[in-house]
Amino acid sequence: MAAVAMPEPASPRWRAAVDQVRSRLAEILGVEPTPLEPRALASYHHRFRIASGWRLPVDFGEREPRRIDVLIPAGFPSSRPQFGLVERPPFLTWPHIERDGSLCLLANLSEIDPDDPVGVVERLLGKSCALVENLLDGAIIERDFRDEFLTYWRYDRNAADGRLTSILRLERPSREIVVWQASNIRLLGETEAQGAEWLRNRYGPEALHRSRLERGLLIWLDSPPLPAEYPRTARDVLGLADRCGGDVPRLLAGLVSERQDNLVVALAAEGRFGPGIVSVAIPTPRDPRRSRGRSAAPLFDGFRSSRLPDGVLTRRYLGTTRVVRDEPKRADAAWIHGRGHDPRTERLMVSTVTVLGCGSVGAPVAVALAQSGVGRLNLVDPDELSWANVGRHPLGAASVRSNKAEALAAKLCVDYPHGRFEAFPISAQEMLAAHEDRLIENDLIVSCMGDWRGESRLNDWHCRRGRPMPIVYGWTEAHAAAGHAVAIVGEGGCLRCGLGRTGAPEFQAVVWPNDTGASLEEPACGAHYQPYGSIELGFVTSLVGQLALDGLLGKIRRSSHRIYAARISSFAELGGRWSAEWVREFPTRVDGGAVVERAWPSERAESCGTGACSV
């Protein structure tokens, strides 16, 4: 047997911390603690190499004391110490004990104090003893196995196919599902149409030609299974179906009758921390006529293939065949947007938003809405992406010379395949003329065009229609010194009420004497720009996105105006200063770096000729 290597020489800090802990353990025990031999240290498999440790006897009121190992990693005291239980039952008899005997005491993100190594060891040793006492008592065993059943299923699964992915809704009842089998993914979905759309979005239309569609089953269990209940054979799966009752046995028998190569059964249950899903794949028992060796449970023995009675088929198919236990990766919308615990997701997923203008403001807002869970986005922009856009745009060099709306929709389809993203490579005026019906169906419109002709027409249409949905308008001031987001809803002023006749906002946060805030110009006619970057712009796009989200969730009752003002140091050196209006309305915000909200004007301004504004 190969010798176990001794730990490498440790740092002075490590040695000092270990000496402090050893001395404290000697005080507690009344004798020097027994050091662990290298072979014992090597039996623990941790992310941090165990470099030293001691074995302590602990009296739990049994006939003989149990022994707990104190394990000191090479990174101690910055890395947390570990603890192991020597006398323990077989793996998965008790929760919170790893296969090597390590005790799970803290959450992954728990912090320890590296300047108090003795205190850390004492506290965790106390937690170790308390855990073992609770396990001996037995009260927590079943509860904790069920509460964290995904963890223990992972310990016991016999496959880990990273391709296995679920877009199922984790809710009752038990039901038939579809399984798309492809070279790069095995997708569990609700319906053929849902799975096909997801695959098409994620991998392109050609993915469907390389996929095979099968049927599977989702069994919703009344409670998460204990390790002793994990199915080992196909007969165990039949037992789970029989215990569930209802339509489940019939659905399972129906799938067996189709004689698929593999029958995938997903098992789902609601635990204390939310629902979880695992999977069992039942291979088809081998037909001895097609195999050199005889199977332990031949499927067609004594019958023609076409004449095998359904009852016999079910008993043979769901017999002693060993099953493949795995866990699909969740990719359903509820999991992606909040891990199943964001109450907004359900509402957002059925929402439709149109984004007019997919430039450096509109495109990041669209991405943020998709990331937040908005289920459908219509993207409108007639322009192509140029190299000058790349530095402030979520699309990169690969999309240069592509239409912004089309390239952004394609990107979002790949990134969030559960959503629907449609591109309209046209202007806002054309969208209003040709697709007014699509706009009327929206729950929200976001306009980041920066074009008064388009936005004035949009505003007038909105008012004539009686403002059926909120519209959020977003724009930036010079050098991104401030950003504005205005929500126009059914009550309050329309967009024109706060703008001049040429579309210039009546309220400006920063003014620029001597034209220092004017746009720069390329060595070409009409090619104006300002050289601020994406970081400065990020504050503005977050402002617009947040107001859009509030509008979708019904949190805006009256037209309102939000402003992000940059820190004064970021624009004073360029020649900018606060406007008189800013100082008058927000005298405590003259340092900047703030988001403020103000009422949007509701009186009919001279330029507002819609006749639809309310006071």
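Further up the page is the structure itself.
Residues numbered from 1 in each chain as written. Predicted model: local features only at pLDDT ≥ 70, side-chain atom pairs only at ≥ 80, totals over all residues. Heavy atoms only, no water.

Participant: So what exactly am I meant to see when it comes to the overall build of the protein chain here?
Facilitator: Scanning the protein chain for helices and strands turns up 20 helices and 24 strands. Residue burial in the protein chain is summarised as follows: out of 615 residues, 50% are buried. Sequence-distant contacts in the protein chain: of pairs separated by 6 or more residues, those separated by 24 or more amount to 65%. With an accessible surface of roughly 29,900 Å², the protein chain has 49% of that area assigned to carbon and sulfur atoms. (Helix = DSSP H or I, 4+ residues; strand = E, 2+ residues; numbered from the N terminus. Buried < 20%, exposed > 50% of the residue type's maximum accessible area, 1.4 Å probe, protein only. Contact = heavy atoms within 4.5 Å. Areas by Shrake-Rupley, 256 points an atom, 1.4 Å probe, with all protein chains shown as cover.)

Participant: In this structure, what is going on with the sheet that holds strand S1 (residues 34-35)? I would like to understand it.
Facilitator: Two modes of strand pairing occur in sheets, parallel and antiparallel, and in both the strands are linked by backbone hydrogen bonds. Pairing within the open sheet is antiparallel, and its 4 strands lie in the order S1-S2-S3-S4. What marks the edges here is a single partner per strand, and that holds for S1 and strand S4 (82-85). Pairing between S1 and strand S2 (residues 50-58): 2 bridges, direction antiparallel. Bridging from a neighbouring strand, Pro-35 pairs with Trp-54 of S2. Contacts from helix H1 (residues 12-29) reach S2 and strand S3 (66-73), with the element oriented near 5° to S2. (Pairing = 2+ DSSP bridges. Axes fitted to C-alpha atoms, helices over the stretch in contact; angles between N-to-C directions.)

Participant: What exactly am I supposed to notice about the environment of Leu-125 here?
Facilitator: Position of Leu-125 relative to the elements: it lies in helix H3 (residues 117-137). When the C-alpha positions of Leu-125 and Val-70 are compared, they lie 7.8 Å apart, and in sequence the two are 55 residues distant. With residues near it in sequence (within four places) discarded, Leu-125 still touches Leu-25, Leu-56, Ile-68 and Phe-83.

Participant: I keep staring at unusual backbone geometry and nothing clicks. Help me out?
Facilitator: Negative phi values dominate among residues other than glycine, just as trans dominates among peptide bonds. Note that the residue after Phe-76, namely Pro-77, is joined by a cis bond; omega there is 10°. Note that Pro-77 resides in the loop between S3 and S4. Here Arg-172 and Pro-173 are connected by a cis peptide whose omega angle stands at 5°. With respect to the element layout, Pro-173 can be found in the loop between strand S5 (164-166) and strand S6 (175-181). Even without being glycine, Arg-259 reaches a positive phi, approximately 55°. Within the secondary structure, Arg-259 sits in the loop between helix H9 (248-256) and strand S9 (262-271). One non-glycine residue with positive phi stands out, namely His-479, at about 60°. Relative to the elements of secondary structure, His-479 occurs in the loop between strand S17 (471-476) and strand S18 (482-488).

Participant: Would you explain a nonpolar patch on the surface in this entry?
Facilitator: Together, Ile-28, Leu-29 and Val-31 give the surface a local cluster of nonpolar side chains, amounting to about 240 Å² of exposed area. The residue Leu-29 is located in helix H1 in this model. (Patch = residues over 30% accessible without salt bridge, like charges linked within 9 Å, V, L, I, M, F, W, Y side chains within 5 Å. Salt bridge = Lys/Arg side-chain N within 4 Å of Asp/Glu carboxyl O.)

Participant: What is the right way to read the pairing of strand S14 (residues 376-380) from this model?
Facilitator: Strand residues, when the strand is regular, have side chains that alternate between the two faces of the sheet. With 4 of its 5 residues buried, S14 lies for the most part within the structure. In terms of strand pairing, strand S13 (residues 352-356) meets S14 through 5 bridges, oriented parallel. Across the sheet, residue Val-353 finds its bridge partner in S14, namely Leu-377. Handedness of the S13-helix H13 (residues 362-372)-S14 crossover: right-handed. Pairing geometry for S14 and strand S15 (residues 420-424), over 5 bridges, is parallel. Across the sheet, residue Asn-378 finds its bridge partner in S15, namely Glu-422. Handedness of the crossover joining S14 and S15 through helix H14 (residues 404-415): right-handed. (Right-handed = clockwise from strand over helix to strand, strands pointing away.)

Participant: Just checking my understanding: could you explain the pattern of salt bridges for this structure?
Facilitator: In this structure the tally under the stated criterion is 38 salt bridges. For the salt bridge of Arg-232 with Asp-156, the shortest nitrogen-to-oxygen distance reads 3.1 Å. Residue Arg-232 is found in the loop between strand S8 (212-220) and helix H8 (234-244), and its partner Asp-156 is found in helix H5 (residues 149-156); the two are separated by 76 residues along the sequence. Each of the salt bridges in this network shares a partner with another, and the network as a whole consists of Arg-154, Arg-157, Asp-326 and Glu-327.

Participant: For this particular structure, what's the right way to read the sheet that holds S15?
Facilitator: With respect to topology, 8 strands assemble into an open sheet ordered S15-S14-S13-S16-S17-S18-S22-S24, the strand pairing being mixed. Strands with a single pairing partner mark the edges of an open sheet, and in this sheet they are S15 and strand S24 (594-599). Averaged over all neighbouring strand pairs, the angle between strand axes comes to 15°, with direction disregarded. Alignment of S17 against S18, held across 6 bridges, turns out to be antiparallel. The residue bridging Trp-475 from the neighbouring strand is His-484, located in S18. Here H13 sits on the sheet and contacts S13, S14, S15 and strand S16 (444-447); the angle it forms with S14, its principal contact strand, is near 170°.

Participant: Sorry, what's going on with the packing of aromatic side chains here?
Facilitator: The description of an aromatic ring pair uses the distance of the two centres, along with the angle that the planes make with each other. Applying the stated criterion across every chain, the model contains 10 aromatic pairs. On the numbers, 4.9 Å between centres and 5° between planes, the contact of Phe-539 with Tyr-564 is stacked. Pair noted here: Phe-539 is in helix H18 (residues 534-552) and Tyr-564 is in strand S22 (residues 560-565), with a separation of 25 residues, a long-range link. For Phe-539, a relative accessible area of 45% gives the class partly exposed. Residue Tyr-564 is classed as buried on the basis of its relative accessible area, which comes to 9%. (Phe/Tyr/Trp six-rings, centres within 6.5 Å; stacked < 30°, edge-to-face > 60°.)

Participant: In this structure, what is going on with the nonpolar core? I would like to understand it.
Facilitator: Within soluble globular proteins, side chains that are nonpolar tend to cluster in buried spots. One finds Phe-83, Leu-267 and Ile-282 to be the most contacted residues of the largest nonpolar core, which totals 61 residues. Element by element, the count of residues in this core is highest for H3, at 9 residues. Aside from chain neighbours lying at most four places away, what touches Phe-83 is Ile-68, Asp-69, Val-70, Leu-71, Gly-101, Ser-102, Leu-103, Leu-105, Val-121, Leu-124, Leu-125 and Ser-128. The next biggest cluster of nonpolar side chains, apart from the first, holds 60 residues, and it includes Val-365, Leu-444, Phe-507 and Ile-556. (Core = buried A, V, L, I, M, F, W, Y, C linked by side-chain atoms within 4.5 Å.)

Participant: What's the story with the side chain of Glu-327 in this structure? I'm lost.
Facilitator: Tracing the backbone through its elements, the reader meets Glu-327 in the loop between strand S11 (324-326) and strand S12 (329-330). A relative accessible area of 9% means that Glu-327 is categorised as buried. Within the structure, Glu-327 has its side chain in polar contact with the side chain of Arg-154 (distance 2.6 Å). (Polar contact = N/O pair within 3.5 Å; in protein donor to acceptor, adjacent residues only side chain to side chain.)

Participant: What is the right way to look at H18 in this model?
Facilitator: Because the α-helix completes a turn every 3.6 residues, residues three or four places apart line up on one side. Along its 19 residues, H18 runs 26 Å from first to last C-alpha, staying within 8% of the 27 Å computed at 1.5 Å per residue. Of all the positions in H18, only Leu-537, Val-540, Thr-541, Leu-543, Val-544, Gly-545, Leu-547, Ala-548, Leu-549, Asp-550, Gly-551 and Leu-552 are classed as buried. Looking one or two residues beyond H18, the residue adopting positive phi is Gly-554, at roughly 75°. (Expected span 1.5 Å × (residues − 1).)

Participant: It is not clear to me how the side chain of Asp-144 should be interpreted in this structure. Could you clarify?
Facilitator: Along the chain, Asp-144 turns up in helix H4 (residues 141-147). With relative accessibility at 8%, the residue Asp-144 sits in the buried group. One polar contact links Asp-144 to His-96, side chain to side chain, over a distance of 2.7 Å. Beyond its immediate stretch of four places on either side in the chain, Asp-144 contacts Pro-95, His-96 and Tyr-152.

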